[in-house]
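Below are the chains, spelled out letter by letter.
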Amino acid sequence: MTETWGFDTLAIHAGAAPDPATGARQVPIYQTTAYVFKDADHAARLFNLQEVGYIYSRLTNPTVGALQARVAAMEGGVGAVCCSSGHAAQIMALFPLMAPGRNIVASTRLYGGTITQFSQTIRRFGWGVKFVDLDDLEAVKAAIDDDTRAIFCESISNPGGYVTDIPAVAKVADAAGIPLIVDNTLATPFLCKPIEMGATLVVHSLTKYMTGNGTVTGGVVVDSGKFDWSASDKFPSLSAPEPAYHGLTFHQTFGNMAYTFHGIAIGLRDLGMTMNPQAAHYTLMGIETLGLRMEKHVENAVKVAQWLENDPRVTAVTYAGLPSSPWHETAARVYPKGAGALFTFAVKGGYEACVKLVDNLALFSHVANLGDTRSLVIHSASTTHRQLTVEQQIAAGAGPDVVRLSIGIENIEDLLADLDQALAAATA
Ligand code: PLP
């Protein structure tokens, strides 16, 4: 039935039938570590993956399961695995694909924390990364080698709000026989459905718009179910016998659910980056209003970006929804419902003016977060990116004269008034 439901219906109902034990209409928080086996045979069948069921909440939990089913339905995937954070979801997404000596081709326009995770931390697993400008498809093709196991990008990128031409990049991944992984955190499935555009996997930081109110740290990996893991010998975790399950082959046994089952049975079992049921509950609450919120986020972001662009105290605005943006055509074609609600702008007066602006904003909160109902601001060069050189800051879209805004869903007049008084104080 869910196939015929619209976006808002899925956001409220997918994965959440009334509780079979009590009739509870809202998804209960199953705050339990373990589940009683019916008998020894039942336990054995569960541990052998011969029967699907609950064993231990590091692997599966009904509240988390409801969220997994809901996000999978909203993204048009066959399955999803929730994780303890967006960063955990990225490791979980790569884990079945990678091995020492393998690499990924990743966009240069990514959240700074992801650039660090890819350029520093995953190297300790023996995994490599090649950062490429994904607008240059020839460079993407040239970067892919025999050891490349995925292309990774953000649909709308943090902090600039630039957009990726997902259908074009998906074609390159497809021709190379490797999955395209899209971090859809900033767009959410309301603005962009990467799987419909050819992506194999979608990851999210649920911490942001999906929960929507700054209460949770969480992530998810969604599988399209469309990739043929056995078409080459590149993905032995999915296509070859698994010693830890008596030689079971995930792809052969679970078909298009192979990647999802691997994520739970191997990924969560051994990496343990599990989402807790309380976090799943808050995210389920938040997701119910995702469509309403995203419409207002985008409406406000367009108005703030236009207002800033016309202000003589501002020297640049990066919002891809503005006709002046080099990404405007891609945004209109690939993201027709809007280019999100996160972007940067440059203030006359540089670093000093930016710091003053942030200190003088009253309604915008100065925090290292985004995607909240509240409007948020950060001066990356003096905070999240302060360890980088100025050149590195500029390359990351976080130069000294740039402030990042995450536009919330307050009344637009109040947001503009706050920006106006803070700009006046900053540039006086
Ligand atoms: N992806 C994007 C686009 C982000 O902005 C962030 C965090 O800001 C992450 C991933 C990481 O998510 P989390 O903080 O939930 O680990």
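Residues numbered from 1 in each chain as written. Predicted model: local features only at pLDDT ≥ 70, side-chain atom pairs only at ≥ 80, totals over all residues. Heavy atoms only, no water.

Section: the site of the ligand
So, step 1. Taken together, 15 residues surround the ligand, and among them Gly-86, His-87, Asp-183, Ser-205 and Thr-207 come closest.
So, step 2. Gly-86 has a polar backbone atom sitting 2.9 Å from an oxygen atom of the ligand.
So, step 3. In this structure, Asp-183 approaches the ligand through a side-chain N or O atom, which is 2.6 Å from a nitrogen atom.
So, step 4. When the free accessible area of the ligand is taken as 390 Å², the share hidden by the protein chains comes to 90%.
So, step 5. At three residues, the largest contribution of residues to the shell around the ligand is made by helix H4 (residues 86-94). (Near = heavy atom within 4 Å. Polar contact = N/O pair within 3.5 Å; in protein donor to acceptor, adjacent residues only side chain to side chain. Areas by Shrake-Rupley, 256 points an atom, 1.4 Å probe, with all protein chains shown as cover. Helix = DSSP H or I, 4+ residues; strand = E, 2+ residues; numbered from the N terminus.)

What to know about the packing of helix H13 (residues 290-309) against helix H17 (residues 412-427)
So, step 1. Relative to each other, H13 and H17 sit at 30 degrees, their axes nearing to 10 Å. When the axis of H13 is compared with that of H17, the two are roughly parallel. Both H13 and H17 take part in a crossing whose hand is right-handed. Facing Asn-300, Lys-303, Val-304, Trp-307 and Leu-308 of H13, the residues of H17 in contact are Ile-412, Leu-415, Leu-416, Leu-419, Asp-420 and Leu-423.
So, step 2. Split into classes, the residues belonging to the contact of H13 with H17 amount to eight nonpolar, one polar and two charged. (Axes fitted to C-alpha atoms, helices over the stretch in contact; angles between N-to-C directions. Parallel < 35°, antiparallel > 145°, perpendicular 65-115°, else oblique. Left-handed = near helix turned anticlockwise from the far one by under 90°. Contact = heavy atoms within 4.5 Å. Nonpolar A, V, L, I, M, F, W, Y, C, P; charged D, E, K, R; others polar.)

What about the pattern of salt bridges?
So, step 1. Taken as a whole and assessed by the stated rule, the structure comprises 13 salt bridges.
So, step 2. Among the salt bridges present, the one from Arg-45 reaches Glu-51, with a minimum N-O distance of 3.3 Å.
So, step 3. Judged by its relative accessible area of 28%, Glu-51 is partly exposed.
So, step 4. As a salt-bridge pair, Asp-145 and Lys-130 come within 2.8 Å of each other at their nearest N and O atoms. Of this pair, Asp-145 sits in the loop between helix H6 (137-143) and strand S4 (148-154) while Lys-130 sits in strand S3 (residues 128-132), and the two are 15 residues apart along the sequence.
So, step 5. Among the residues examined, Lys-130 registers a relative accessible area of 28% and is labelled partly exposed.
So, step 6. Connected through shared salt-bridge partners, Arg-109, Asp-133 and Asp-135 make up one network. (Salt bridge = Lys/Arg side-chain N within 4 Å of Asp/Glu carboxyl O. Buried < 20%, exposed > 50% of the residue type's maximum accessible area, 1.4 Å probe, protein only.)

Considerations on the sheet that holds strand S11 (residues 376-378)
So, step 1. Strand order in the open sheet formed by five strands is S8-S9-S12-S11-S10, with mixed pairing between adjacent strands. If you trace the sheet from one side to the other, it starts and ends with strand S8 (314-317) and strand S10 (365-366), each paired once.
So, step 2. Where S8 lies against strand S9 (residues 342-347), three bridges are found, and the strand directions are antiparallel. By the bridge assignment, Val-314 is partnered in S9 with Val-347.
So, step 3. Relative to the sheet, H13 contacts S8, S9 and strand S12 (402-406), its axis offset from that of S9 by approximately 15 degrees. (Pairing = 2+ DSSP bridges.)

Re the side chain of His-204
So, step 1. Of note, His-204 is situated in strand S6 (residues 201-205).
So, step 2. A distance of 2.6 Å separates polar atoms of two side chains, one belonging to His-204 and the other to Glu-75.

Brief notes about the domain arrangement of the chain
So, step 1. Looking at the assigned domains, one finds that the chain contains domain 1 (2-286) and domain 2 (290-426).
So, step 2. Using C-alpha coordinates to define each centre, domain 1 is positioned 29 Å away from domain 2.
So, step 3. Counting from both sides, the interface comprises 36 residues of domain 1 and, opposite them, 34 residues of domain 2.
So, step 4. Counting the surface lost from both domain 1 and domain 2, the interface buries some 2,900 Å², and carbon and sulfur atoms represent 61% of this.
So, step 5. Summed over the three residues of domain 1 that lose the most area to domain 2, namely Pro-159, Phe-190 and Tyr-209, the buried surface amounts to 27% of that side.
So, step 6. The interface formed by domain 1 and domain 2 contains one salt bridge.
So, step 7. Residue Asp-165 is joined to Arg-333 by a salt bridge in which the shortest nitrogen-to-oxygen separation is 3.0 Å.
So, step 8. Viewed at the interface, domain 2 and domain 1 are joined by 13 residue pairs in polar contact (both at pLDDT 80 or more).
So, step 9. Elements with a minimum of two residues in the side of domain 1 that touches domain 2: helix H1 (7-13), helix H7 (166-176) and helix H8 (188-191). (Domains from an automatic or database assignment. Buried area = accessible area lost by both parts, 1.4 Å probe.)

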